[in-house]
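Here's the letter readout for the chains.
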Amino acid sequence: MDHLQDLDLHKSRRLNYIHFPISSVKEAPRKDPVHIKIPDFQRLREKIERIRQDGIRNLEVISDFDHTMTPLYYDGAKCPATFGIFASSPLVRSEYKIADDKLFSIYFPIEQDANLPLSEKVAAMEQWWEKALSLIINEGYTKEDIAKIIESTTICLRYGVHDLRSKLKSLGIPLYIISGGLGDVITSLLVEPTSKDDEPDFHIISNYFELNDKGVISSIRRPVIHSMNKVQVLGKSVDSDARRNAIIIGDQKHDFHLADNLGASEVLTFLFANTKALEELSPEELKHYDVLILGDGDFTKINETIQYIYDGIEYPFLS
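First, a word on what this report is: a plain description of the structure on this page. In this text, all values refer to a predicted model and were calculated from it rather than measured experimentally. (Residues numbered from 1 in each chain as written. Predicted model: local features only at pLDDT ≥ 70, side-chain atom pairs only at ≥ 80, totals over all residues. Heavy atoms only, no water.)

## Some thoughts on the overall build of the protein chain
In terms of regular secondary structure, the protein chain is built from eleven helices and eleven strands. With respect to the principal axes defined by its C-alpha atoms, the protein chain has extents near 55 × 45 × 45 Å. Within the protein chain, buried positions represent 52% of all 319 residues. Nonlocal contacts in the protein chain, meaning residues at least 24 apart in sequence, comprise 77% of its contacts between residues at least 6 apart. Carbon and sulfur atoms make up 49% of the accessible area of the protein chain, which totals about 14,800 Å². In the protein chain, 37 side chains carry a positive charge and 50 a negative one; their mean positions are 1 Å apart. (Helix = DSSP H or I, 4+ residues; strand = E, 2+ residues; numbered from the N terminus. Buried < 20%, exposed > 50% of the residue type's maximum accessible area, 1.4 Å probe, protein only. Contact = heavy atoms within 4.5 Å. Areas by Shrake-Rupley, 256 points an atom, 1.4 Å probe, with all protein chains shown as cover. Lys, Arg positive; Asp, Glu negative; His and termini not counted. Charge placed at Lys NZ, Arg CZ, Asp CG, Glu CD.)

## Focus on helix 6 (residues 161-171)
Looking at helix 6, one finds that the buried residues are V161, L164, R165, K167, L168 and L171. Of the surrounding secondary structure, the elements contacted by the buried residues of helix 6 are strand 2 (59-63), strand 5 (175-182), helix 7 (183-190), strand 6 (202-207) and helix 11 (300-311). Just beyond helix 6, the residue with positive phi is G172, at close to 70 degrees.

## Comments concerning the packing of helix 1 (residues 41-54) against helix 11
Packing of helix 1 against helix 11 brings their axes to within 8 Å, and their N-to-C directions diverge by 50 degrees. With respect to their mutual orientation, helix 1 and helix 11 come out oblique. The two elements helix 1 and helix 11 meet at a crossing, and its hand is right-handed. Contact residues: R45, I48, E49, I51 and R52 in helix 1; T305, Y308 and I309 in helix 11. A class-by-class count of the residues in the contact of helix 1 with helix 11 yields four nonpolar, one polar and three charged. (Axes fitted to C-alpha atoms, helices over the stretch in contact; angles between N-to-C directions. Parallel < 35°, antiparallel > 145°, perpendicular 65-115°, else oblique. Left-handed = near helix turned anticlockwise from the far one by under 90°. Nonpolar A, V, L, I, M, F, W, Y, C, P; charged D, E, K, R; others polar.)

## Describing helix 1
Taking 1.5 Å of rise per residue, 14 residues should cover 20 Å, and helix 1 covers 20 Å from first to last C-alpha, within 8% of that figure. Those residues of helix 1 that fall on the buried side of the exposure criterion are L44, K47, I48, E49, I51 and D54. Next to the buried residues of helix 1 lie strand 2, strand 9 (245-250), strand 10 (266-272), strand 11 (291-293) and helix 11. With a side-chain oxygen positioned 3.2 Å from the backbone nitrogen of Q42, the residue opening helix 1 is D40. Backbone geometry just downstream of helix 1 places G55 in the positive-phi region, at approximately 90 degrees. (Expected span 1.5 Å × (residues − 1). Polar contact = N/O pair within 3.5 Å; in protein donor to acceptor, adjacent residues only side chain to side chain.)

## Let's talk about unusual backbone geometry
What you tend to see is this: most non-glycine residues have negative phi, and most peptide bonds are trans. Backbone torsion omega between D32 and P33 reads 5 degrees, so that peptide bond is classified as cis. Within the element layout of this structure, P33 appears in the segment before strand 1 (36-37). For the peptide bond that leads from R222 to P223, omega is -5 degrees, which places it in the cis range. Within the element layout of this structure, P223 appears in the loop between strand 8 (217-220) and helix 8 (230-237). Positioned with a positive phi, H67 is a non-glycine residue whose angle comes to about 60 degrees. Residue position: H67 is located in the loop between strand 2 and strand 3 (73-74). The class of H67 is buried, set by a relative accessible area of 14%.

## Let's talk about the packing of aromatic side chains
All told, the structure shown has eleven aromatic pairs when counted by the stated rule. Ring centres of F104 and F108 lie 4.7 Å apart, and the angle between their planes is 15 degrees; on these two criteria the pair is classed as stacked. Placement of both F104 and F108 in helix 3 (residues 94-112) is noted, with a separation of four residues, approximately one turn of the helix. Since its relative accessible area comes to 40%, F104 is described here as partly exposed. Both rings, one in F104 and one in W128, keep their centres 6.1 Å apart while their planes meet at 70 degrees; by these two values the pair is edge-to-face. With a gap of 24 residues between them, F104 in helix 3 and W128 in helix 4 (residues 118-138) connect regions that are remote in the sequence. Overall, W128 belongs to the buried group, its relative accessible area being 10%. Cluster of aromatic residues (ring-pair linked, three or more members): F83, F104, Y107, F108, W128 and W129. Between R45 and the ring centre of Y315, over which it is positioned, the NZ or CZ distance is 3.8 Å. Above the ring of F202, the side-chain terminus of R165 is found at 3.9 Å from the ring centroid. (Phe/Tyr/Trp six-rings, centres within 6.5 Å; stacked < 30°, edge-to-face > 60°. Lys NZ or Arg CZ within 6 Å of the ring centre and 35° of its normal.)

This is the structure in structure tokens:
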């Protein structure tokens, strides 16, 4: 059964998210310089110039969140993904952590198995996400509880993420964040709770909790978004006829597939190569990426690229 047929346009869900009242959002320091790897300088320049000539009115930005908009490390410690805040927090019961670790040991090898049929992978990821979400819901957290859990961890934003948001908003370029993580956590990290919803071009497509009448997290909105259905969900959430060029930002070697259902004429791809394996992709794999950002870098080069597409003044990549 295709559970996505009932998709209620996830991009609208941000309007009704649960704000976790965290006191402040940590930001990783700027990397100076940002180390990058460019597989093909000429291809990159030609692609950027075509997008620039087409204008920002035809551009949209699509980004993953966990370890894309957040770093791999912060202040010498591992930065957790949104799901991972519970396992890494000293405030969470050990019984939860044991159960969560057991799920990881069962399902992570399946997710990484390149020889497993896609249908089996999808089914397994559905099971993993449902069980992982149930574990969280069964803890009986309020939004205040989760705010304290967030603050007790090292989760933070990469340097330049706030600048990206501001730049895209000022230029009227849509930003779609697609994540199999926790949308309420993502939104609480990115959006000021007192701000009005004056950003019709800012969309977070993710998993959102529901509160019961006692203010306790009691359920998750459907359908659940996991690592194996992000491309399909994104295709149902983006108005592919409105913009014909896209910038894709991710941290996994398959993230270039995020553009598969967009029908884009030009796709500019940035990969946060957070591991040695990603830094050393094969020539065939590198064909899918225009810029690799190395060493747990930041958003500086991405922001400079968007600025150049807008004004054509300072090209950000020198051969």
